[in-house]
Amino acid sequence: MSNENKIGQNETLVRGLTNRHIQLIALGGAIGTGLFLGIGPAAVLAGPSVILGYALAGIIAFFIMRQLGEMVVQEPVSGSFSYFAYKYWGNFPGFASGWNYWILYILVSMAELTAIGHYIHFWWPEIPLWVSSLFFFVVINALNLASVKVYGETEFWFSIIKVVAIIAMIIFGVYLLISGTGGEKASITNLWNDGGFFPKGLFHKTENGYSGLFAAMAMIMFSFGGLELIGITAAEAKNPEKTIPQATNQVIYRILIFYVGALVILFSLSPWRDITEGSSPFVMVFQNLNGLEFSLFGKVIQFNTLIANVLNLIVLTAALSVYNSSVYSNSRMLFGLAQQGNAPKFLRKLNKNSVPTNAIIVSSCFAGICIIINKLVPEKAFEYLMALVVSTLIINWLMICYTHLKFKKSINAEQIHSKFPSIFYPISNYICIAFLVLILGLMSITGMEIQVILIPLWIGFLFVMYKLYKPK
């Protein structure tokens, strides 16, 4: 029997992800370090109106999720949106979509591995950055090589920690407001009593650049990167016709609760002018409790010290969650590309637990480059690795929106009944595309010109690679 036939007999992924796995994977994709650490810079640019920005970006992200959700429920296969771009749009869109997503999460993996090292530094500064990165690199990849159920279980508990942390923060914030123990500055009127809800307007130029709600929209939108992960799970989800729609529909409510709800509490507890670019929303909640202390096992502990340690544990968990999902999604995307013929055949190989071993190993080798970078230039590693992420993320979302238009045209022509229709088709597609183009326009004049310029250059590079590879 030929090697090709042997590979062909072992090409089916196992549906090992249960409903609770899918629910928490979807939720984990919506909650990343953007919520825990990334709100500060956006809040400085827009003030309280950043709450509206997150709500708008959440609605756009939800539309995109529903478009992707309709496709993957109709055909729950490996490769997700790359498969649909390949089938309904053409070979190059399938090639470009898949490899663009793969490189996006290779870069995200490298960035998260770098961030993990910094979080470990908080407790053990004597441990070199690259050592921490290497340790978790080995652990997470080993978990993913075990089975898809191990990945699902790991991600389930990572997400539980993030969810509990946000809920606890919101509840405690409400208690501080109602009880009056949040400090003299804590009041719901902080949302409008200092320059109004739009204290910096919608968009205007200042001496230091641009400010206003629109100026903050680019970084707000990027906080939702990772929501498309639910599409990758379709080929390994038990009963995808039920679990994928449930998880997709619940994301919008979670966004409103976790992002918008948390921001309302945060801006009520602390005036927006007190926020700095480096501030964390969790620190904001407790910043008015300076000096509070308690006794534990006979030892006096400062409340701020406890909160700092808890916060570091939470952001470490968030980074591990993102890296864990990156390893999973990259390997499945490579597996799907190989099935299309847009990647080498050896990437179709599965082990006895139906895990795409070669795809995980190849992806990990590229992501592992960050360990070398951290060894050589640790102070600049994070900055270097994030340059292309923004560009590839925008391409990814635009391709999902347009591919869905092609998909709908095809199934409508064949009079196929959709199992999970998207919302407001095709108007929502055009709204999402226009919104993303607007984001690109804002990026081009607010200090992110390089990321915009990289988009056509990157697509051109992918086209050259496509021609050189000449997939069948």
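All of these numbers come straight from a predicted model, not from anything done at the bench. (Residues numbered from 1 in each chain as written. Predicted model: local features only at pLDDT ≥ 70, side-chain atom pairs only at ≥ 80, totals over all residues. Heavy atoms only, no water.)

Undergrad: Explain the overall build of the protein to me, please; I cannot follow it from the model alone.
TA: A tally of regular secondary structure across the protein gives 20 helices and four strands. Across the protein, contacts joining residues at least 24 apart in sequence account for 81% of those joining residues at least 6 apart. Split by element, the accessible area of the protein, about 19,800 Å² in all, is 67% carbon and sulfur. (Helix = DSSP H or I, 4+ residues; strand = E, 2+ residues; numbered from the N terminus. Contact = heavy atoms within 4.5 Å. Areas by Shrake-Rupley, 256 points an atom, 1.4 Å probe, with all protein chains shown as cover.)

Undergrad: So what exactly am I meant to see when it comes to the nonpolar core here?
TA: Within soluble globular proteins, side chains that are nonpolar tend to cluster in buried spots. By size, the foremost hydrophobic cluster in this structure holds 135 residues, and its most contacted members are Ile220, Phe222, Phe224 and Phe267. Looking at this core, the element that brings in the most residues is helix H7 (residues 91–123), giving 17 residues. Setting aside chain neighbours within four positions, we find Ile220 in contact with Ala42, Val50, Gly53, Tyr54 and Ala57. (Core = buried A, V, L, I, M, F, W, Y, C linked by side-chain atoms within 4.5 Å. Buried < 20%, exposed > 50% of the residue type's maximum accessible area, 1.4 Å probe, protein only.)

Undergrad: What is the right way to read helix H8 (residues 129–146) from this model?
TA: Residues spaced three or four apart along an α-helix face the same direction, because each turn holds 3.6 residues. Between the first and last C-alpha of H8 there are 27 Å, a value that for 18 residues agrees with the 26 Å anticipated at 1.5 Å per step. Buried within H8 we find Leu129, Ser132, Ser133, Phe136, Phe137, Ile140, Asn141 and Asn144. With its buried residues spanning 145° around the axis, H8 presents them on a single face. (Expected span 1.5 Å × (residues − 1). Arc of directions from axis to C-beta.)

Undergrad: Just to check I follow, could you spell out the state of the cysteines for this structure?
TA: Should the sulfur atoms of two cysteines be covalently bonded, the bond is a disulfide. Scanning the entire structure with this criterion turns up zero disulfides. This cysteine, Cys401, is not joined by any disulfide, and Cys432 carries the nearest cysteine sulfur, 4.5 Å off. (Disulfide = S-S within 2.5 Å.)

Undergrad: What is the right way to read helix H9 (residues 148–179) from this model?
TA: The end-to-end C-alpha distance of H9, which contains 32 residues, comes to 46 Å, matching closely the 46 Å that a straight helix rising 1.5 Å per residue would cover. One or two steps after H9, the chain reaches Gly180, where phi turns positive at roughly 80°.

Undergrad: Before we go on, may I ask you to explain the side chain of Glu70 in this structure?
TA: Within the secondary structure layout, Glu70 lies in helix H5 (residues 50–74). Judged by its relative accessible area of 0%, Glu70 falls in the buried class. Polar contacts involving the side chain of Glu70 include one to the side chain of Lys408, which spans 2.9 Å. (Polar contact = N/O pair within 3.5 Å; in protein donor to acceptor, adjacent residues only side chain to side chain.)

Undergrad: In this structure, what is going on with the pattern of salt bridges? I would like to understand it.
TA: Side chains bearing opposite charge may pair, as long as their charged atoms lie close to each other. With the rule as written, the count across this model stands at six salt bridges. Among the salt bridges present, the one from Arg332 reaches Glu236, with a minimum N-O distance of 2.8 Å. With Arg332 in helix H14 (residues 303–340) and Glu236 in the loop between helix H11 (229–232) and helix H12 (240–269), this residue pair connects regions lying 96 residues apart in the sequence. Between Glu241 and Lys419 there is a salt bridge whose closest N-O contact spans 2.8 Å. Taken as a pair, Glu241 in helix H12 and Lys419 in the loop between helix H18 (389–413) and helix H19 (427–445) lie far apart in primary sequence, 178 residues in all. (Salt bridge = Lys/Arg side-chain N within 4 Å of Asp/Glu carboxyl O.)

Taken by themselves, the reported measurements are silent on function.
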